[in-house]
Each structure stands twice: as structure tokens, then as C-alpha cells.
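Read off the chains here:
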Amino acid sequence: MANPDRFINKCLLQSEGLLQITAIDVDRSNYKIGLPFIQKAGVEGKIKFIESEALPVLDKLAQEMNEDEMFDFAFVDADKENYNNYHEKLLMIVKIGGLILYDNTLWFGSIATPMNPDMPKDFNEARESIIKFNKELAADPRIELCQVCIGDGLTICRRVA
Ligand SMILES: C[S@@+](CC[C@H](N)C(=O)[O-])C[C@H]1O[C@@H](n2cnc3c(N)ncnc32)[C@H](O)[C@@H]1O
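Not measured: the values here are computed from a predicted model.

Trainee: I'm lost on the overall build of the chain in this one. Help?
Mentor: Looking only at helices and strands, the chain features five helices and six strands. Ordered by position from the N terminus, the helices and strands of the chain form the series α-β-α-β-α-β-α-β-α-β-β. At a minimum sequence separation of 6, the contacts of the chain that also span at least 24 residues come to 64%.

Right, dumping it as C-alpha cells:
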């Protein structure tokens, strides 16, 4: 492709009025890292940034959202200990047929090896949470899923019920 940036911009502009992103982060400074690139692409107006803990925002969205406002797609890359709680809320606000992606579900490969007591406590706690979460996802009849072995592991879930 001659100029992928121009192609992406064209797609985003053609979706004017359709594409809307809600981004939640407890720390606005992290959003600000990407903001110059978002501005350069001319898509700042498409993104609603909410500085907050994610769970109360998802709770509120789940309570207030109409069916025609439901999301097509969600990407989760925050505190691993809450992935199961995010999953329950996201199943209420992502439409059937929509996708929910969870990052870091291989946790540096550690989920497939015995627990290493030399690793930091936080690391091993997140490892335990992710192992439990992966098992819960595998048994969840409301989704189909695919574990993608790229980066640190990405789980793609498609809501089916
Ligand atoms: C690994 S970073 C996300 C990186 C981002 N996905 C990217 O690719 O650039 C994790 C983010 O989750 C945020 N975070 C951690 N706990 C959170 C919570 N309980 N609610 C909302 N955001 C949280 C952190 O502030 C941090 O910006």
C-alpha cells in the first residue's frame, strides 16, 4: 500500500458519525501519551476518555445502556485481578456477535510453567488470576474464544449469547 497512514485516515473519516470509542483509564497521563498521535490523525472527537477506575464506569454503562447503543468491540488491558469482573460487565454492554479482547493472557508464558517463587509477589498474584480467568473463559457458554499466541497472549472472545 502506497501510504497506509493516509488509507487509515480515509477509513476513519468515512466512518464519521459512526465510530465512537470510549476509553477508560484511572490515570489520564497515560492517555496523554497517545493524544498527540490521536490529534494528528484528526480523530480526537471520536474518543470519549473517562478518567476513572474501570469497574464503576462499566457498572454504570451496564445499568444505563440501551440495546441500540451497545458496543461492537472491547479491549481490556488493565488490572489482571479484575478481568473476571470486567468480563461480566462487558457481556452486558457488548452486543451479541461483538468481540471482547483480553491482553496478556499468557502472562509472559508463566501460566504454562510451575509458579516461580523468585518472581515478585504481584507478578505471581496476576499469574494466578489469569490462570483462573482463562479457565473461566474456556467454560463460558456465552462466548466463543481463540487464544492468540502473539506478544504476551491475546484472547479474542466473540459473544454468542
Ligand atoms: C498496560 S497499560 C495499557 C496500555 C495500553 N493498552 C497500550 O497498549 O498502550 C494498563 C493501563 O491500565 C490502567 N489501569 C490499571 N488499573 C486500572 C483500573 N482499575 N481501572 C482503569 N484503568 C486501570 C493503568 O493506568 C494503565 O494505563
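Trainee: Teacher, can you tell me more about the pairing of strand E6 (residues 154-159) here?
Mentor: Two faces make up the sheet, and in a regular strand the side chains alternate between them. Both strand E4 (residues 94-103) and E6 contribute to a ladder of five bridges, which runs antiparallel. Among the inter-strand pairings, leucine 99 is bridged to a residue of E6, identified as arginine 158. Pairing geometry for strand E5 (residues 143-148) and E6, over six bridges, is antiparallel. Bridge pairing links glutamine 147 to threonine 155 in E6. What sits between E5 and E6 in their antiparallel hairpin is a turn of five residues, with glycine 151 showing a positive phi close to 55°.

Trainee: Explain the site of the ligand here, please?
Mentor: Near the ligand you find Ile24, Asp25, Val26, Asp27, Asn30, Glu53, Ala54, Asp77, Ala78 and Asp79, and these make up its full shell. Both of domain 1 (1-52) and domain 2 (53-161) provide at least three residues apiece to the shell around the ligand.

Trainee: What exactly am I supposed to notice about the sheet that holds E4 here?
Mentor: Across the sheet, which stays open at both edges, the four strands sit in the order E3-E4-E6-E5 with mixed pairing between neighbours. Bordering the open sheet on either side are strand E3 (71-76) and E5, each of which pairs with just one other strand. Mean inter-strand twist for the sheet, computed between neighbouring axes without regard to direction, equals 15°.

Trainee: Would you mind showing me how to read the nonpolar core here?
Mentor: Soluble globular proteins tend to bury their nonpolar side chains together. Ala74, Leu90, Val94 and Ile100 are the most contacted members of the largest nonpolar core, which totals 16 residues. It is helix H5 (residues 121-138) that contributes the most residues to this core, four residues altogether. In contact with valine 94, other than residues within four places in its own chain, are Met70, Phe71, Ala74, Ile100 and Arg159.

Trainee: Honestly, the environment of glycine 151 in this entry has me stumped. Any pointers?
Mentor: Relative to the elements of secondary structure, glycine 151 occurs in the loop between E5 and E6. Given 9 C-beta atoms within 10 Å, glycine 151 falls into the exposed group. Considering only alpha carbons, one finds glycine 151 and glycine 109, 42 residues apart in sequence, at a separation of 10.0 Å.

Trainee: Would you explain helix H2 (residues 28-40) in this entry?
Mentor: Side chains three or four residues apart in an α-helix point the same way, a direct result of the helix having 3.6 residues per turn. Here H2 is 13 residues long and its end C-alpha atoms lie 19 Å apart, about the 18 Å a rise of 1.5 Å per residue gives. Residue glycine 34 marks the point of greatest curvature in H2, where the axis turns by about 45°; the proline proline 36 follows within four residues. Within H2, only zero of the 13 residues are buried, leaving the element largely exposed. Among the residues trailing H2, glycine 42 stands out with phi positive, at a value near 70°.

Calculation notes
Residues numbered from 1 in each chain as written. Predicted model: local features only at pLDDT ≥ 70, side-chain atom pairs only at ≥ 80, totals over all residues. Helix = DSSP H or I, 4+ residues; strand = E, 2+ residues; numbered from the N terminus. Contact = placed C-beta atoms within 7 Å. Pairing = 2+ DSSP bridges. Near = placed C-beta within 6 Å. Domains from an automatic or database assignment. Axes fitted to C-alpha atoms, helices over the stretch in contact; angles between N-to-C directions. Core = buried A, V, L, I, M, F, W, Y, C linked by C-beta atoms within 7 Å. Buried ≥ 20, exposed ≤ 12 C-beta atoms within 10 Å, placed from the backbone. Expected span 1.5 Å × (residues − 1). Bend = angle between axes of the 7 residues up to and from the residue.

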